[in-house]
Amino acid sequence: MPRQSETSVPRSTGTASPYDVARWCAGNGWPVHPLAPGRKTPAANCPTCRVEPHSPQDCPCHPAGRWCHGFHAATTNPALLDAWWGKHPTLGVGVSCGPAGLVVLDIDAHSAEVPDRNRLLPGIPIHESVNLTGLASGFDTLALLAALRGRRSPADDDSTLRVRTPSGGLHVWYRTPPEGPRYRSSVGSSPKTALAWQVDVRSTGGYIVTPATPTSAGMYSPVGAARLPAILPDWLAAELQRTGHPVDHRPAQVTPPRPGSPRPARQRAHRLLEPLLDQVKDCAAAPEGTAFTEKLNRAAYTAGGLIASGHLTDSQARDLLTAAADAARPHRSRHSHSVITSALSAGASRPLHFKGRP
């Protein structure tokens, strides 16, 4: 767990290499994994892992020192850091939030249709007397939640590490006490588990892009003076509790497919996912008002559960989801990519298994 006396990210991020950042993270006890060069998504799996569905926990690539399966491969092993970033210096850096004991609020500033006022803060009805004129992003909903609790918005919390994203969003990093509860990841558009509209939670079952990581869209840059995460405020812990984010301390146990039955299971996985993908594609009939984000989130969350149970590979799921999203909203690929990545991570914490006959 990081402490304020531990290694802090260099003040000048322009000269910090991904290798420097990876070592900084590992020095603070945060497991890291490679991101594809210039992107915020995990580096590609090996050819075998791309075509053969299996549990990440049982993947032979990890003992062999390969980075397959994204945050499941995250490590603090210096030898692997040398092998990965030493030989591939253009790889980006992601942190597996759960094992690191991190809770990161990912505040989005994307242009999107604002939902009904009673869906802005799940579980909190907002009276008609509250003026919501100008509300347009996760910055606004998080500020609204904080105001209702008589607190300062985490976006303005200068006691903790905050990182500006290339799209204009903000990552607010917190850490949980060593024996404290752990929390699941979620996306702000989720109808089931969400903290606030356009505010994703990155924790167990998710990862976060590190500060000083360059992408084709720009750099992830620290904001303010703080360079380490502060302890998660009690009021935010209470809100995560209220919105169903706590998870068991024990890591999720992923059961691999039954021997000899991968093909029927894979077919059932596709049958389960296809109607959800069709709902996403159907959004192409209208430019707005179709709940596109919610439908894409639902499909990706389901796909994440199918990946975790070994019925789909990450690359297969991403290909299907991206194709459906691009068919419906070809000019919103960045937004779609963000929704897919977040929902896949959240869905991975709840593996989907099939019972009975196919």
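Here, the structure is the one placed above.
A brief report on the enclosed structure follows. (Residues numbered from 1 in each chain as written. Predicted model: local features only at pLDDT ≥ 70, side-chain atom pairs only at ≥ 80, totals over all residues. Heavy atoms only, no water.)

## Details of the packing of aromatic side chains
Any aromatic ring pair is given by two values, namely how distant the centres are and how the planes are angled relative to each other. Threshold: Whether two aromatic rings pair depends on their centres lying within 6.5 Å, for rings of Phe, Tyr and Trp, where Trp uses its six-membered ring; planes under 30 degrees apart make the pair stacked, over 60 edge-to-face, and the rest tilted. Only runs of H or I of at least four residues qualify as helices and only runs of E of at least two qualify as strands under DSSP, and these elements are numbered from the N terminus. Lysine and arginine charges are scored as sitting over a ring when NZ or CZ, respectively, is within 6 Å of the ring centre and within 35 degrees of the ring normal.
Within the structure shown, the criterion is met by four aromatic pairs. Aromatic side chains Trp-67 and Trp-84 sit 6.2 Å apart centroid to centroid with 80° between the ring planes, which places their arrangement in the edge-to-face category. Of this pair, Trp-67 sits in the loop between helix H2 (47-51) and helix H3 (78-85) while Trp-84 sits in helix H3; the two residues are 17 residues apart in sequence, bridging distant segments of the chain. Taken together, the ring pairs in this structure connect Trp-24, Trp-30 and Trp-173 into an aromatic cluster. We note Arg-23 situated over the ring of Tyr-19; from NZ or CZ to the ring centre the distance is 4.6 Å.

## Observations concerning the pattern of salt bridges
Note the cut-off: We count a salt bridge whenever a side-chain nitrogen from Lys or Arg sits within 4 Å of a carboxyl oxygen from Asp or Glu. Each residue is placed in one exposure class: buried if its accessible area under a 1.4 Å probe, protein chains only, is under 20% of its type's maximum, exposed if it is over 50%, and partly exposed if it falls in between.
For the coordinates displayed, the defined rule picks out nine salt bridges. The residue Glu-294 makes a salt bridge to Arg-119 at a minimum N-O spacing of 3.2 Å. Of this pair, Glu-294 sits in helix H8 (residues 292-308) while Arg-119 sits in the loop between strand S3 (102-107) and helix H5 (138-148), and the two are 175 residues apart along the sequence. Judged by relative accessible area, which is 43%, Arg-119 ranks as partly exposed. Put simply, Arg-202 and Asp-200 hold a salt bridge, and the shortest N to O gap is 4.0 Å. Assigned by exposure class, Arg-202 and Asp-200 land together as buried.

## What about the sheet that holds strand S8 (residues 207-209)?
For the record, the criterion: When DSSP finds two or more bridges between two strands, those strands count as paired. Here, axes are lines fitted to C-alpha atoms. For helices the fit covers the stretch in contact, and angles between N-to-C directions go from 0 to 180 degrees.
The antiparallel open sheet is built from three strands, whose spatial order is S1-S2-S8. Each of the sheet's edge strands pairs with one partner strand only, and the pair in question is strand S1 (32-35) and S8. Ignoring strand direction, the axes of neighbouring strands in this sheet form an average angle of 35°.

## A word on H3
Stated formally: Comment: arc refers to directions from the helix axis out to C-beta atoms. Contact definition: two residues touch when any of their heavy atoms are within 4.5 Å.
Taken together, the buried positions of H3 are occupied by Leu-80, Leu-81, Trp-84 and Trp-85. Looking down the long axis of H3, one finds its buried residues gathered within 105° of arc, a one-sided arrangement. Contacts made by the buried residues of H3 are with helix H1 (18-27), S1 and strand S2 (92-96).

## A word on the packing of H8 against helix H9 (residues 314-328)
The criterion, for reference: The scheme is simple: roughly parallel for angles under 35 degrees, roughly antiparallel for over 145, roughly perpendicular for 65 to 115, oblique for anything else. Amino acids outside the nonpolar list (Ala, Val, Leu, Ile, Met, Phe, Trp, Tyr, Cys, Pro) and the charged list (Asp, Glu, Lys, Arg) are all regarded as polar, and Gly is one of them.
Across the interface, H8 lies against H9 with an axial gap of 10 Å and an inter-helix angle of 170°. For the element pair H8 / H9, the angle class is roughly antiparallel. Counted together, Phe-292, Leu-296, Ala-299, Ala-300, Ala-303 and Ile-307 of H8 and Asp-314, Ala-317, Leu-321, Ala-325 and Ala-328 of H9 form the full contact between these two elements. Considering only residue class, the contact of H8 with H9 consists of 10 nonpolar, no polar and one charged.

No statement about biological role is implied by the geometric values presented.
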